[in-house]
Amino acid sequence: MTELQGIRLGYTPSAAPTTTLRVDTNCGPVTVTMSGDPDNPSLFPLVTLHDFGFDHVSQFQTFQKSGEEAARFLAQFRTYHIDLPGCEEGAGDASGPVPTLDELASVIAHVRTSCSITDKMVLLGVGAGANIAMRYMTTHTKTVLGVILVEATNDHESWTKWTQDKITDMVMKPSEMFSIRNEKPAEIANTLLDKHFGRSASPTPILSDSRRYLIHRMLTNGNVNNYHRYYESFYTRKPLPPAAFNENTVVPSLVISARQSWRNDASVDLRAQLQTGGKEASLLEPSPCFLLPLEEAPLECSISMMLFIQSLGLGLTAGLTSSSTLQEAYSRAEKTKEMISQEPEMV
């Protein structure tokens, strides 16, 4: 474990100031949190998209603070964190029709225009956010340099799960009877976790942290309606047809999925679909890793992301570690993990 923790890439990050912008879109106003110098030509735009039940802070903060490798990756960009409609901290109840994932993908175009982004973007999406990033890529390909898709899917909900969601719909949607959220927070949190993470037979510390966060979100933010709207956009999704993936609609991609994740099979299938476009589509399956690869395996994800953007021609400025050194660090991490997994369990 000591060797694994000691793998550092020799980079000392500096705190980047952030600014916040409110952008009007076809799906309602969204909040964009920006960091990095917008006038620095060496920094390319990185646009992030969170999963349902999260905002950009809860989704990416743990990864951002995980170590020098993540800081090194993020330092290559000016970053635009998009909080999807009604998902920002302290948001009021959203109104109007529930947007589809395709409509939510168009939010990225609005942000690109409002933030005067002219360079090609790298998109980083998690879960439902990855699905949105994928859809934007296929319709605005010329504006995208590469995509990093974490726990991504291009499928539809099974009839069984769709029926379960309809049954729990009455619990999830706010109403005059929703005072239950103040009386039974544990039951509500379990419902949220089942929807977001799937049913886990063995809770992990990260699941426990997520449980505490979701209870806090339910009781303090009052955004149950907004959470449900985003989730409804996701579980009523329609997969993109095979024809949507071709040489004119696909860019290089990195697909990341925890090997034990309930989304893993769908992520592997999506990688195969992306490969039909004739562009590089890499797959990272951290293991042991249960549900949240960016949080559970930040070292592997950071190094793989750096290797990926180097393949795009980014991250090659003076003072950065070469690709071969990064590959060596990744190999060392793999060997250390293998040694740890082979150690006898303590009785």
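Our structure's up above, just so we're on the same page.
Asker: Run through the overall build of the protein, naming residues and quoting values.
Answerer: Across its full length, the protein holds 14 helices and eight strands. Classification of the 347 residues of the protein by burial places 52% in the buried group. For the protein, the share of sequence-separated contacts (at least 6 apart) that also reach a separation of at least 24 residues comes to 79%. Carbon and sulfur atoms form 54% of the exposed surface of the protein, whose accessible area is close to 16,200 Å².

Asker: Could you give me a rundown of the packing of helix α4 (residues 101-114) against helix α5 (residues 128-139), with the residues and numbers involved?
Answerer: In contact at an axis separation of 8 Å, α4 and α5 are set at 70 degrees when each is read in the N-to-C sense. One finds that α4 runs roughly perpendicular with respect to α5. Contact with α4, carried on its side by L101, D102, L104, A105, I108, A109 and R112, involves N131, I132, R135 and Y136 of α5 and no other residues of that element. When the residues that make up the contact of α4 with α5 are grouped by side-chain class, the tally is seven nonpolar, one polar and three charged.

Asker: How would you sum up the environment of A75? Please name residues and give values.
Answerer: Secondary-structure assignment places A75 in the loop between α3 (68-74) and β4 (77-83). Residues A75 and G315, 240 residues apart in the sequence, show an inter-C-alpha distance of 8.9 Å.

Asker: Before we move on, could you go through the packing of aromatic side chains and cite the residues and values that matter?
Answerer: The description of an aromatic ring pair uses the distance of the two centres, along with the angle that the planes make with each other. On inspection of all chains with the given rule, the structure shows five aromatic pairs. Each ring, one from F52 and one from F234, has its centre 5.6 Å from the other, and the planes form 40 degrees; the classification is tilted. Within this pair, whereas F52 is found in the loop between β3 (44-49) and α2 (56-64), its partner F234 is found in helix α10 (residues 224-235), the two being separated by 182 residues in sequence. For F52, a relative accessible area of 1% corresponds to the buried category. On the basis of relative accessibility, which here comes to 1%, the residue F234 falls in the buried class.

Asker: So, the side chain of S261: which residues are in play, and what are the values?
Answerer: Tracing the sequence through the fold places S261 in the loop between β7 (253-256) and α11 (264-275). Residue class for S261 comes out buried when judged on its relative accessible area of 8%. From its side chain, S261 meets the backbone nitrogen of R263 in a polar contact 3.0 Å long. Not counting residues up to four positions away in its chain, the partners in contact with S261 are E151, F290 and L291.

Asker: Give a description of α4 that names residues and reports values.
Answerer: Counted at 1.5 Å a residue, the expected span for α4 with its 14 residues is 20 Å, and the 20 Å between its end C-alpha atoms agrees. After α4 finishes, the residue S116 shows a positive phi value of roughly 55 degrees.

Asker: Any details on the pattern of salt bridges? Residues and values, ideally.
Answerer: Across all of its chains, the model carries six salt bridges by this definition. The partner of R263 in a salt bridge is D51, and the shortest N-O contact between them spans 2.9 Å. Within this pair, whereas R263 is found in the loop between β7 and α11, its partner D51 is found in the loop between β3 and α2, the two being separated by 212 residues in sequence. In this pair, the class of R263 matches that of D51, namely buried.

Asker: Before we move on, could you go through unusual backbone geometry and cite the residues and values that matter?
Answerer: Of note in the backbone geometry, S116 takes a positive phi value of approximately 55 degrees without being a glycine. Structurally, the position occupied by S116 is in the loop between α4 and β5 (121-126). According to the relative accessible area criterion, S116 is exposed, its value standing at 58%. With phi around 50 degrees, E151 is a residue other than glycine that occupies positive phi space. Looking at the secondary structure, you find E151 in the loop between β6 (144-150) and α6 (159-172).

Asker: Break down the nonpolar core for me, with residues and values.
Answerer: Within the largest apolar cluster, 47 residues are counted, with the highest numbers of intra-cluster contacts made by V32, I82, I132 and L274. With seven residues, the single largest contributor to this core is α5. Apart from the residues within four sequence positions on either side, I132 is in contact with L49, L84, L101, L104, A105, I108 and Y230. Formed by 24 residues, the second largest nonpolar core is a distinct cluster that contains F73, I148, L294 and I309.

Asker: Describe the pairing of strand β2 (residues 30-35), and please don't skip the residues or the numbers.
Answerer: Burial within β2 is extensive, with six of its six residues counted as buried. The alternating pattern of β2 places V30, V32 and M34 on one face and T31, T33 and S35 on the opposite face, and all of these are buried. Examined bridge by bridge, strand β1 (residues 18-23) and β2 share six bridges and lie antiparallel to one another. When the bridges of β2 are listed, R22 appears paired with T31. The pairing of β2 with β4 spans five bridges and is classified as antiparallel. Of the residues in β4, the one forming a bridge with S35 is T79.

The rules we used
Residues numbered from 1 in each chain as written. Predicted model: local features only at pLDDT ≥ 70, side-chain atom pairs only at ≥ 80, totals over all residues. Heavy atoms only, no water. Helix = DSSP H or I, 4+ residues; strand = E, 2+ residues; numbered from the N terminus. Buried < 20%, exposed > 50% of the residue type's maximum accessible area, 1.4 Å probe, protein only. Contact = heavy atoms within 4.5 Å. Areas by Shrake-Rupley, 256 points an atom, 1.4 Å probe, with all protein chains shown as cover. Axes fitted to C-alpha atoms, helices over the stretch in contact; angles between N-to-C directions. Parallel < 35°, antiparallel > 145°, perpendicular 65-115°, else oblique. Nonpolar A, V, L, I, M, F, W, Y, C, P; charged D, E, K, R; others polar. Phe/Tyr/Trp six-rings, centres within 6.5 Å; stacked < 30°, edge-to-face > 60°. Polar contact = N/O pair within 3.5 Å; in protein donor to acceptor, adjacent residues only side chain to side chain. Expected span 1.5 Å × (residues − 1). Salt bridge = Lys/Arg side-chain N within 4 Å of Asp/Glu carboxyl O. Core = buried A, V, L, I, M, F, W, Y, C linked by side-chain atoms within 4.5 Å. Pairing = 2+ DSSP bridges.

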